[in-house]
Amino acid sequence: GSTLQYHLATSLVEASGVGEGIGWVEHGDCRELDQPGRFRVVKVHNAEQLDGIEEALREGRALYIYSYRDIRDVIVSIQHKWKLSFRQVLQACYIDFILQSYTNWMALPGGHVAKYEEFVHAPADEALAIAGHLGISLPADKIVAIAAQHTLDATKSRISSLRVAGQDTTEDGILHSNHVFSGASGQWRGALKPYQIGLLEQKARHWLAQHGYEPSQSCFWRYVGLVYFWCCLKVLKGRNDAPPKLF
């Protein structure tokens, strides 16, 4: 979702001549990125990657674009992209990280927030919304044409080209050769076991309900999931290898 939003924002500012895309930023400083009168589009996962972001947002020198998705699908996507087991995801506390990152972004002003399931198959609507958020004046048909270049199928085609070329990522670090698992909503239903789904639904129950995602598992499977989670943490205490850092 955030990759699509990045590509839409970058294409819009470049087409209108008011900025350019910078790509993925592991750690940056808003004061160094700031260029009055121009947009410099970067991609990050959490606000802590950009020093001075809160100040820049509150002073109107920056805007942000954010998407959220069913956390059950997010976990499946993380497992696929980084080749992690469900246990590794739990031991690295990614569930808590994702929820906390959402809370941190929502506390900041200047945001356009969109639900993945509502725009992934309607990029034109999202492109129009982003253009409005950024104050970009382009004809509607031009914006729709830009969005057509960034459909899910178009993204999958670019990923296939990366694989054929033997490349892991694009030059800007945005797309990876295994970036898209399927892009479908609800893939967690076939990818996760009942106790895994139950655990996610228990830990993120308030967030899921707040955003209209229905639970699927009984209290029994939620309890089994919590027991499994506790066992994972106990096992981790006796191991020397730390889980991989993704964000």
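You'll find the structure just up there.
Read on for an overview of the structure. (Residues numbered from 1 in each chain as written. Predicted model: local features only at pLDDT ≥ 70, side-chain atom pairs only at ≥ 80, totals over all residues. Heavy atoms only, no water.)

1. Section: the nonpolar core
In this structure, Ile71, Ile75 and Trp207 are the most contacted members of the largest nonpolar core, which totals 40 residues. In terms of residue count, helix α6 (residues 94-106) provides more of this core than any other element does, 6 residues in total. Beyond its immediate stretch of four places on either side in the chain, Ile75 contacts Phe86, Val89, Ile95, Ile98 and Leu200. Formed by 20 residues, the second largest nonpolar core is a distinct cluster that contains Tyr6, Leu8, Ile130 and Ile143. (Core = buried A, V, L, I, M, F, W, Y, C linked by side-chain atoms within 4.5 Å. Buried < 20%, exposed > 50% of the residue type's maximum accessible area, 1.4 Å probe, protein only. Helix = DSSP H or I, 4+ residues; strand = E, 2+ residues; numbered from the N terminus. Contact = heavy atoms within 4.5 Å.)

2. What to know about the pattern of salt bridges
Under the defined criterion, the tally for this structure stands at 9 salt bridges. Asp34 is the salt-bridge partner of Arg61, the closest N and O atoms lying 3.2 Å from each other. One end of the pair, Arg61, is in the loop between α3 (53-58) and β5 (64-68); the other, Asp34, is in the loop between α2 (30-33) and β3 (39-43), with 27 residues separating them in the sequence. By relative accessible area, Arg61 is classed as partly exposed at 33%. Relative accessible area serves as the criterion here: at 33%, Asp34 is assigned to the partly exposed category. Among the charged side chains, a network of salt bridges with common partners joins Glu20, Arg38 and Arg40. (Salt bridge = Lys/Arg side-chain N within 4 Å of Asp/Glu carboxyl O.)

3. Topic: helix α4 (residues 71-82)
Helix length check: α4, at 12 residues, gives a terminal C-alpha distance of 16 Å against a target of 16 Å (1.5 Å per residue), a fit within 8%. The element α4 is largely enclosed, with a buried count of 9 among its 12 residues. For α4, every residue scored as buried is listed here: Ile71, Arg72, Asp73, Ile75, Val76, Ser77, Ile78, Gln79 and Lys81. The elements touched by buried residues of α4 are α5 (86-91), α6, α11 (188-191), α12 (194-203) and α13 (205-210). (Expected span 1.5 Å × (residues − 1).)

4. Some remarks on unusual backbone geometry
The residue Lys83 is not glycine, and still its phi comes out positive at about 55 degrees. Positionally, Lys83 belongs in the loop between α4 and α5. Here Lys83 falls in the exposed class, since its relative accessible area comes to 68%. Located in the positive-phi region is Cys93, a residue other than glycine, with phi close to 60 degrees.

5. Here we look at helix α8 (residues 123-134)
When the terminal C-alpha atoms of α8 are compared, their 16 Å separation across 12 residues agrees well with the 16 Å that a helix rising 1.5 Å per residue should span. On its buried face, α8 is in contact with α1 (2-15), β3, β5, β6 (111-115), α7 (116-119) and α9 (140-148). Phi for Gly135, located one or two positions after α8, is positive at around 75 degrees.

6. Some points on the environment of Leu99
Relative to the assigned elements, Leu99 resides in helix α6. Separated by 108 residues in sequence, Leu99 and Trp207 have C-alpha atoms that sit 7.8 Å apart. If we skip the residues at most four places from it in the chain, Leu99 touches Ile71, Lys203, Ala204 and Trp207.

7. Here we look at the packing of aromatic side chains
Counting across every chain of the model gives 11 aromatic pairs. When the ring of Tyr195 is compared with that of Tyr228, the centres are 5.0 Å apart and the planes differ by 65 degrees; the resulting orientation is edge-to-face. In this pair, Tyr195 sits in helix α12 while Tyr228 sits in helix α14 (residues 219-237), placing the two residues 33 residues apart along the sequence. Among the aromatic side chains, those forming a connected cluster through ring pairs are Tyr64, Tyr66, Tyr68, Tyr102, Trp105, Trp207 and Tyr213. Here the guanidinium or amino end of Arg69 rests over the ring plane of Tyr116, the centre of that ring lying 4.1 Å away. One cation-aromatic arrangement involves Arg72 over Trp188; the distance from NZ or CZ to the ring centre is 4.0 Å. (Phe/Tyr/Trp six-rings, centres within 6.5 Å; stacked < 30°, edge-to-face > 60°. Lys NZ or Arg CZ within 6 Å of the ring centre and 35° of its normal.)

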